[in-house]
Amino acid sequence: MTPPDHSRKPAYDSGTDIAARLLGWYDAHHRDLPWRVSPRDQARGVEPDPYRVWLSEVMLQQTTVEAVKAYFQAFLERWPTVEALGAASSDDVMKAWAGLGYYSRARNLKACADQITSQDGRFPDTEAGLRALPGIGAYTAAAIAAIAFKRPAAVVDGNVERVVSRLFSIETPLPLAKPEIRAHVEKMLSQERPGDFAQAMMDLGATICTPRRPRCMLCPLRQDCSAILSGDPEFYPVKLAKPEKPSRRGAAYVAIRHDGAILLRKRPEKGLLGGMTEVPTSDWTARIDGATGMDAAPFSANWRPCGIINHVFTHFALELAVYSAQVDFTVAPQGFFWSRPGWINDEALPTVMKKAIEAAMPGSTQKGPHKRKA
DNA sequence: GACACGTGGCA
DNA sequence: TTGCCAAGTGT
């Protein structure tokens, strides 16, 4: 009979221990977030509201916590329940989402609220049921199932991918390593506190196991971590190289009426900035020498150049030449409409369009979620 | 699997 | 300035 060999620890002799250490750390060091029910409050009997969990998770898709906070509060104040959101107009939802990005999320959010409302007003309480709803993919379904319904679902986001890649020194590059990472999470997760386990993994990734300069000395899992032994935990996760980001150029035209109203139009429902509002622009071409002057203007006017704005989208960078003109007509041309004078921040304008308007009319736009005037 | 899809912060 | 990164989903 040979003594147990502790020199090389099997990967899963301590899956439960990892969860226990992580949850202990979470109880003491979790972040307080507007959509979160803390372990202490859960112990007092406070139950997570599936609507708030869903709303926050959709907003948090590819979006920072800091950016989401104000939008979450604004949405919750205006639409406190899924029924309220279902009763809202799509226009109002798009306006309230303006500035947060990935606008298909807002369309799917509204579609999902409509679907829930038209049925029994309740969210499905299983991963599969949630996964079938618009805007809810693998991650969000697992997150809602775990956090709102205590299902032992494997919640795998970018944070979890990084934490697990480091715990096990996974050399397979992302996104190829996703199945491997998911398998690890399924074995480690807490059956007793799946929601807190998921949030603890994400908090750990956000505050300790950060992309750069991870704070390993403070990590509750340092004794479990393989990457820390390598001396360079930052090396993980290994990722496939990203393709180069192309550039496009175009022109934007800010037509201003005598009373300050700005001429706008609505973009097509699908595609880039789908369903959002814009000032008229030329095509955005990949050609460096593309026509970006006033020759692409929607109509003849005394167009005056007022600078260049740069904006980076996910898959290309845009350089937009901005022109403005005072116009003397009062009826909007076909396909256009006038913003209410002084209410430009009430429109569903994506950030790139606010930048263009700001270049033409300094001081006219504001950042952050749309706030209705009293 | 590949690609489309926003924005802001940080080194 | 440039590139990377952040609680991904839909097609």
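Everything numeric in this text was worked out from a predicted model, so none of it was measured.

Enquirer: I'm lost on the protein's contact with DNA strand B in this one. Help?
Expert: For DNA strand B, the set of nearby residues contains 21 residues, the closest of which are Gly-101, Gly-271, Thr-314, Pro-350 and Thr-351. Put simply, the parts of the chain that give the surface near DNA strand B at least two residues each are strand 4 (304-312) and helix 14 (351-360). The residue makeup of the surface near DNA strand B, split by class, is 10 nonpolar, 10 polar and 1 charged.

Enquirer: Even after reading the chapter, I still don't get the UniProt feature "domain: HhH-GPD" (unreviewed entry) in chain A, so can you show me in this structure?
Expert: Following the UniProt record, one finds the feature "domain: HhH-GPD" (unreviewed entry) at residues 59-207. Helix makes up 64% of residues 59-207 and strand 0%, with an end-to-end C-alpha separation of 20 Å.

Enquirer: Could you clarify how one ought to interpret the nonpolar core in this entry?
Expert: Proteins that are soluble and globular tend to have nonpolar side chains buried together. Ranked by size, the top nonpolar core spans 95 residues in total, and within it Ile-144, Val-254, Val-279, Val-322 and Ala-356 carry the most contacts. The leading source of residues in this core is helix 9 (residues 138-149), at 9 residues. When residues of this core are sorted by domain, at least three fall in each of domain 1 (15-235) and domain 2 (247-360). Setting aside its immediate chain neighbours within four residues, Val-322 contacts Ala-252, Val-254, Cys-306, Gly-307, Ile-309, Ala-356, Ala-359 and Ala-360.

Enquirer: Is there a simple way to explain the protein's contact with DNA strand C in this structure?
Expert: Neighbouring DNA strand C are 28 residues; Gly-137, Thr-140, Asp-157, Gly-158 and Asn-159 lie closest to it. Split into classes, the residues belonging to the surface near DNA strand C amount to 11 nonpolar, 12 polar and 5 charged.

Enquirer: Where do I start with unusual backbone geometry in this structure?
Expert: Across the chain, the bulk of peptide bonds are trans and the bulk of non-glycine residues have phi less than zero. Note the cis peptide between Leu-174 and Pro-175, where omega equals 5°. As for its position among the elements, Pro-175 is in the loop between helix 10 (158-167) and helix 11 (178-188). For the bond running from Tyr-236 to Pro-237, omega is 0°, close enough to zero to count as cis. Mapped onto the fold, Pro-237 is located in the loop between helix 13 (227-230) and strand 1 (247-256). One non-glycine residue with positive phi stands out, namely Lys-150, at about 60°. Within the secondary structure, Lys-150 sits in the loop between helix 9 and helix 10. The class of Lys-150 is partly exposed, set by 17 C-beta atoms lying within 10 Å.

Enquirer: Even after reading the chapter, I still don't get the sheet that holds strand 1, so can you show me in this structure?
Expert: Backbone hydrogen bonds are what pair the strands of a sheet, in a parallel or an antiparallel way. Ordered in space as 1-5-4, the 3 strands form an open sheet in which the pairing is mixed. Each having just a single partner strand, strand 1 and strand 4 make up the two edges of the open sheet. Each strand of the sheet is rotated relative to its neighbour by a mean of 25°, with strand direction disregarded. Note that strand 1 and strand 5 (residues 317-326) share 10 bridges and pair parallel. Residue pairing across strands places Ala-251 opposite Ala-321, the latter belonging to strand 5. Along the sheet, helix 14 contacts strand 1, strand 4 and strand 5; its crossing angle with strand 4, the most-contacted strand, is approximately 155°.

Enquirer: Can you walk me through the sheet that holds strand 2 (residues 263-266) in this structure?
Expert: Within the open sheet, the 3 strands sit side by side as 3-2-6. Their pairing is antiparallel. For this open sheet the edge positions go to strand 3 (277-278) and strand 6 (337-338), each flanked by a neighbour on one side alone. Pairing of strand 2 with strand 3 involves 2 bridges; the strand directions are antiparallel. Directly across from Arg-265, in strand 3, lies its bridge partner Glu-278.

Enquirer: Is there a simple way to explain the domain arrangement of chain A in this structure?
Expert: Frequently, the measure chosen for interface size is the accessible area removed from exposure when the parts meet. Domains assigned within chain A are domain 1 (15-235) and domain 2 (247-360). Between domain 1 and domain 2, the C-alpha centre-to-centre distance is 36 Å. In this complex, domain 1 contributes 8 residues to the contact, which on the side of domain 2 involves 10 residues. Secondary structure elements with two or more residues in the side of domain 1 that touches domain 2: helix 6 (90-97) and helix 7 (104-118). No other element matches the 3 residues that helix 6 contributes to the side of domain 1 that touches domain 2. Residue composition of the side of domain 1 that touches domain 2, grouped by class: 3 nonpolar, 2 polar and 3 charged.

Criteria and cut-off values
- Residues numbered from 1 in each chain as written.
- Chains lettered and ligands numbered in written order.
- Predicted model: local features only at pLDDT ≥ 70, side-chain atom pairs only at ≥ 80, totals over all residues.
- Near = placed C-beta within 6 Å.
- Helix = DSSP H or I, 4+ residues; strand = E, 2+ residues; numbered from the N terminus.
- Nonpolar A, V, L, I, M, F, W, Y, C, P; charged D, E, K, R; others polar.
- UniProt positions renumbered as here; feature names shortened; annotations may be inferred.
- Core = buried A, V, L, I, M, F, W, Y, C linked by C-beta atoms within 7 Å.
- Buried ≥ 20, exposed ≤ 12 C-beta atoms within 10 Å, placed from the backbone.
- Domains from an automatic or database assignment.
- Contact = placed C-beta atoms within 7 Å.
- Pairing = 2+ DSSP bridges.
- Axes fitted to C-alpha atoms, helices over the stretch in contact; angles between N-to-C directions.

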